[in-house]
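# A structural walkthrough
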Amino acid sequence: HKVSVAAEMDIMEYCIKEWRGNTPVAKRMKKGYEAVSQKFAFIRRVRGDNYCALRATLFQALSQATQLPVWLQSEDLAMLPEKLLSKYDWIKQWQLKQKQGRKMGEISDEIKEYLILLKKKWKNISEIKAANERQEACDELFKNEEEEYSLYEALKFLMLNTAIELYNDDRNGRRVPVFSWLLFARDTSSNPCQLMHNHLNQIGHSGGLEQVEMFLLAYTLRYTIQVYRLYKYSTDEFITLYPNDPKEDWPVVTLITEDDRHYNIPVGMCQETVL
């Protein structure tokens, strides 16, 4: 099997291996990695297909999970695909991984299975008390390609649900976060149907998550995603938070990126890191 999340490597050793030259870009990356190494000792490389933002975020969330999130506790979770499909006919066009041309009922059943799997895995892992054992359980889960990709499909569907809620809230005059306006201000996603066709359906196939979709992911999970953006070193965007006004009770996961396309995971905190 392919390794989805590689073993820990010393963060500065990794940097030296990746950035040998003395170009301005290499110098900036080295400084960025040095800054991260003040907080984290190691890096784990995440497999670079178009799921890597989902993979890195979910891996971090699960490896530090101590309870099942409130939104996964809902009794109605498994009914979500059916509920949305009954309201929005266009969801039939949802593209499941490498399996096109399904009937409506099958899509609904399939996504329902993915959502139930996500809940089950999150619950099982969060009940493991010892951090190292929880880490091992995550490593094991992310070696099972079939299950791993099913979890990403569940996340993508939950992102669609969040987007629909935000879109409807905005149209009904309720307050929505700023990123929601940006999400639907794009020519390619002026409504949830376009968002699904042009963006969510592409994740894992022909594209990854764009910046504004990182906000949507954070909002869906109710996690703050803190990202060290190395190419932004020495600017105020070096450490970016999604959302940038996080709720105090949201847990925090930390990722690292060199280009806003591929995400890796910093691990082994050197000291307590607080926002």
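Residues numbered from 1 in each chain as written. Predicted model: local features only at pLDDT ≥ 70, side-chain atom pairs only at ≥ 80, totals over all residues. Heavy atoms only, no water.

## Topic: the packing of helix α3 (residues 52–63) against helix α7 (residues 131–141)
- At a minimum axis distance of 9 Å, the contact between α3 and α7 shows a crossing angle of 150°. Taken together, α3 and α7 sit at an angle that is classed as roughly antiparallel. Seen from above, α3 lies across α7 with right-handed handedness. Between α3 and α7, the contacting residues are Phe-59, Leu-62 and Ser-63 on the first element and Arg-134, Gln-135, Cys-138, Asp-139 and Leu-141 on the second.
- Partitioning the contact of α3 with α7 into residue classes produces 4 nonpolar, 2 polar and 2 charged. (Axes fitted to C-alpha atoms, helices over the stretch in contact; angles between N-to-C directions. Helix = DSSP H or I, 4+ residues; strand = E, 2+ residues; numbered from the N terminus. Parallel < 35°, antiparallel > 145°, perpendicular 65-115°, else oblique. Left-handed = near helix turned anticlockwise from the far one by under 90°. Contact = heavy atoms within 4.5 Å. Nonpolar A, V, L, I, M, F, W, Y, C, P; charged D, E, K, R; others polar.)

## Here's the deal with a nonpolar patch on the surface
- Taken together, the side chains of Val-178, Trp-181 and Leu-182 make up a nonpolar region of the molecular surface, amounting to roughly 330 Å² of accessible area.
- Position of Leu-182 relative to the elements: it lies in helix α9 (residues 178–185). (Patch = residues over 30% accessible without salt bridge, like charges linked within 9 Å, V, L, I, M, F, W, Y side chains within 5 Å. Areas by Shrake-Rupley, 256 points an atom, 1.4 Å probe, with all protein chains shown as cover. Salt bridge = Lys/Arg side-chain N within 4 Å of Asp/Glu carboxyl O.)

## With respect to the UniProt feature "active site" (unreviewed entry) in the protein chain
- Within the UniProt annotation, "active site" (unreviewed entry) is assigned to Asp-49, Cys-52 and His-262. A maximum C-alpha distance of 8.5 Å places the annotated residues, which cover 214 residues in sequence, within one compact spot.
- Along the chain, Asp-49 turns up in the loop between β2 (40–46) and α3.
- Contacts of Asp-49, omitting those with residues within four sequence positions, involve Arg-55 and Tyr-149.
- Apart from residues no more than four positions distant in its own chain, Cys-52 is found in contact with Val-46, Arg-47, Arg-261, His-262 and Tyr-263. (UniProt positions renumbered as here; feature names shortened; annotations may be inferred.)

## Comments concerning the UniProt feature "site: Linear diubiquitin binding" (unreviewed entry) in the protein chain
- Here the UniProt-annotated "site: Linear diubiquitin binding" (unreviewed entry) positions come out as Glu-237.
- Considering the arrangement of structural elements, one finds Glu-237 in the loop between β3 (224–229) and β4 (239–242).
- If we ignore the near neighbours within four places in the chain, the residues touching Glu-237 are Arg-229 and Lys-232.

## Notes on unusual backbone geometry
- Put simply, Tyr-242 and Pro-243 share a cis peptide bond, and its omega is -10°.
- Its place among the elements puts Pro-243 in the loop between β4 and β5 (252–257).
- Despite not being glycine, Ser-234 shows a phi value in the positive range, around 70°.
- With respect to the helices, strands and loops of the structure, Ser-234 is situated in the loop between β3 and β4.
- The phi torsion at Asp-260 lies on the positive side, around 65°, for a residue other than glycine.
- Mapped onto the secondary structure, Asp-260 falls in the loop between β5 and β6 (263–269).

## Quick word on the side chain of Arg-44
- Positionally, Arg-44 belongs in strand β2.
- Among the polar contacts made by the side chain of Arg-44, one reaches the main-chain carbonyl oxygen of Ala-6 at a distance of 2.8 Å.
- At 2.9 Å, the side chain of Arg-44 and the side chain of Asp-139 are in polar contact. (Polar contact = N/O pair within 3.5 Å; in protein donor to acceptor, adjacent residues only side chain to side chain.)

## As for α3
- Compared with the 16 Å implied by 1.5 Å per residue over 12 residues, the 16 Å span of α3 between its first and last C-alpha is a close match.
- Counting buried positions along α3 yields 12 of 12 residues, so the element is predominantly enclosed.
- Within α3, burial applies to Cys-52, Ala-53, Leu-54, Arg-55, Ala-56, Thr-57, Leu-58, Phe-59, Gln-60, Ala-61, Leu-62 and Ser-63. (Expected span 1.5 Å × (residues − 1). Buried < 20%, exposed > 50% of the residue type's maximum accessible area, 1.4 Å probe, protein only.)

## What to know about the sheet that holds β2
- Read from one edge to the other, the open sheet built from 6 strands follows the order β1-β2-β6-β5-β3-β4, with strand pairing classed as mixed. Edge positions in the sheet fall to β1 (5–10) and β4, since each of these pairs with one other strand and no more. The mean angle between the axes of side-by-side strands here comes to 35°, regardless of whether they run parallel or antiparallel.
- Here 6 bridges tie β3 to β5, and the two strands are oriented parallel to one another. Residue Gln-226 lies in a different strand from β5, and its bridge partner there is Thr-254.
- Across the face of the sheet, helix α2 (residues 24–37) comes into contact with β2, β3, β5 and β6 while running at roughly 120° to β2. (Pairing = 2+ DSSP bridges.)

## Considerations on the pairing of β4
- Here β4 shows a clear split, with Thr-240 and Tyr-242 buried on one side and none of Ile-239 and Leu-241 buried on the other.
- Sheet topology places β3 next to β4; 4 bridges connect them, and they run antiparallel. Each bridged residue has a counterpart across the sheet, and for Gln-226 the counterpart in β4 is Leu-241.

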